[in-house]
Every structure is written in C-alpha cells, then in structure tokens.
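Each chain, letter by letter, is given below.
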Amino acid sequence: MIQYAPHVYSDPLRIALLEALLGQLAERERVVLVLQSGNRVAGTVSARPSLQHFFDHNEQSGVNATVRLDDLGRCSQQHVVWLDSICEVLRVPGDTA
C-alpha cells in the first residue's frame, strides 16, 4: 500500500531535524505543539512516532511522520499532526512520562 504525505524529506540535515523532534515526543508525554501556522495543539502522546517512507504529490520518495495526541481537555478527541509542521515542543508540567 502506497502512503502519501503533504511533504517528504530526503536531505540528511532535514531528517536530523525531524529525528530531533521525535526525541521530544515520548509515549504518554503531555505536550503542547507549536505549529508553523501559529496554532497550538495540546495533548498526551499516544504512541512514540517514528519516521516512515512516503511519497509526495509529485511521486517523490522521502520520510516524514505523524504524531497522535489525545486531547488534554477532551479525552475522546484525538489530534494527528505531521511532524514537519511542528516548530516547538513544550512539555506540560506534571506529565506522566
């Protein structure tokens, strides 16, 4: 099954930046993600994300990842965020990680 992502990366420097973000997203960690759009998403990381191979709309191969958060305010609400859209990861005090 072919998987598609809005953006994929093959540049070693960009991949290293994505891997650095992965290191900040431990399972069950409570975080606020600051996105490139300026929006913020708060939640608990439901599973540690990992880089995966995708294709973009031009059929270029590369890596990206998603992180799934369980909303801090409404436990039944989940958020799926592309890793490359994250500018900053802020830890929420009192996390359970």
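Going by the structure above, here's the rest.
Let us look at the structure shown here. (Residues numbered from 1 in each chain as written. Predicted model: local features only at pLDDT ≥ 70, side-chain atom pairs only at ≥ 80, totals over all residues. Heavy atoms only, no water.)

## Concerning the overall build of the protein
Selection criterion: By definition, any uninterrupted DSSP run of H or I lasting at least four residues is a helix, any uninterrupted run of E lasting at least two residues is a strand, and each is numbered from the N terminus. Here the radius of gyration uses the C-alpha set of atoms, whereas the globule reference equals 2.2 Å times the residue count to the power 0.38. Throughout this description, buried means an accessible area under 20% of the type-specific maximum (1.4 Å probe, protein chains only), exposed means over 50%, and partly exposed covers the range between. Methods summary: accessible areas were calculated by the Shrake-Rupley approach with a probe of 1.4 Å, and residue burial reflects only the protein chains presented. In this count, Lys and Arg are taken as positive residues and Asp and Glu as negative ones, while His and the chain termini are left out. Every charge is mapped to an atom, namely NZ of Lys, CZ of Arg, CG of Asp or CD of Glu.
Scanning the protein from N- to C-terminus turns up 1 helix and 7 strands. Listed by position from the N terminus, the elements making up the protein come as α-β-β-β-β-β-β-β. For the protein, the C-alpha radius of gyration of 14 Å lies close to 13 Å, the compact-globule estimate for 97 residues. With the principal axes as the frame, the protein shows a C-alpha extent of 40 × 25 × 25 Å. The proportion of buried residues among the 97 residues of the protein is 37%. On the protein, roughly 5,900 Å² of surface is accessible, and the fraction owed to carbon and sulfur atoms is 51%. With 8 positive and 11 negative side-chain charges, the protein shows a spacing of 9 Å between the two charge centroids.

## A closer look at the nonpolar core
Condition: Side-chain atoms within 4.5 Å are what join buried Ala, Val, Leu, Ile, Met, Phe, Trp, Tyr and Cys residues into a set we call a nonpolar core. Between two residues, a contact is recorded if the distance between any of their heavy atoms is within 4.5 Å.
Among the nonpolar cores identified, the biggest contains 17 residues, and Leu 25, Leu 33, Val 67, Leu 83 and Ile 86 are the most heavily contacted of them. Secondary-structure elements contributing two or more residues to this core are α1 (12–22), β1 (30–35), β2 (40–45), β5 (66–71) and β7 (86–91). Ignoring any residue separated from it by four or fewer positions in sequence, one finds Leu 33 in contact with Leu 25, Asn 39, Arg 40, Val 41, Val 67, Leu 69, Val 81, Ile 86, Glu 88 and Val 89.

## As for the sheet that holds β5
Inclusion rule: Pairing between two strands requires that DSSP report at least two bridges joining them. Fitted lines through C-alpha atoms give the axes, limited to the stretch in contact for helices. The angle between two N-to-C directions lies from 0 to 180 degrees.
Pairing within the open sheet is antiparallel, and its 5 strands lie in the order β6-β5-β2-β1-β7. Two strands close off the open sheet at either side, each with one partner strand: β6 (78–82) and β7. On average, adjacent strands in this sheet sit at an angle of 40° to one another, irrespective of strand direction.

## Comments concerning α1
Condition: It is the directions from the helix axis to the C-beta atoms that the arc portrays.
Listed in full, the buried residues belonging to α1 are Ile 15, Leu 18, Leu 21 and Leu 22. One face of α1 carries all of its buried residues, which in axial projection span an arc of 115°. In α1, the exposed positions that point more than 90 degrees away from the buried face belong to Pro 12 and Leu 13. Buried residues along α1 sit in contact with β4 (61–64) and β7.

None of this, on its own, says anything about what the molecule does.
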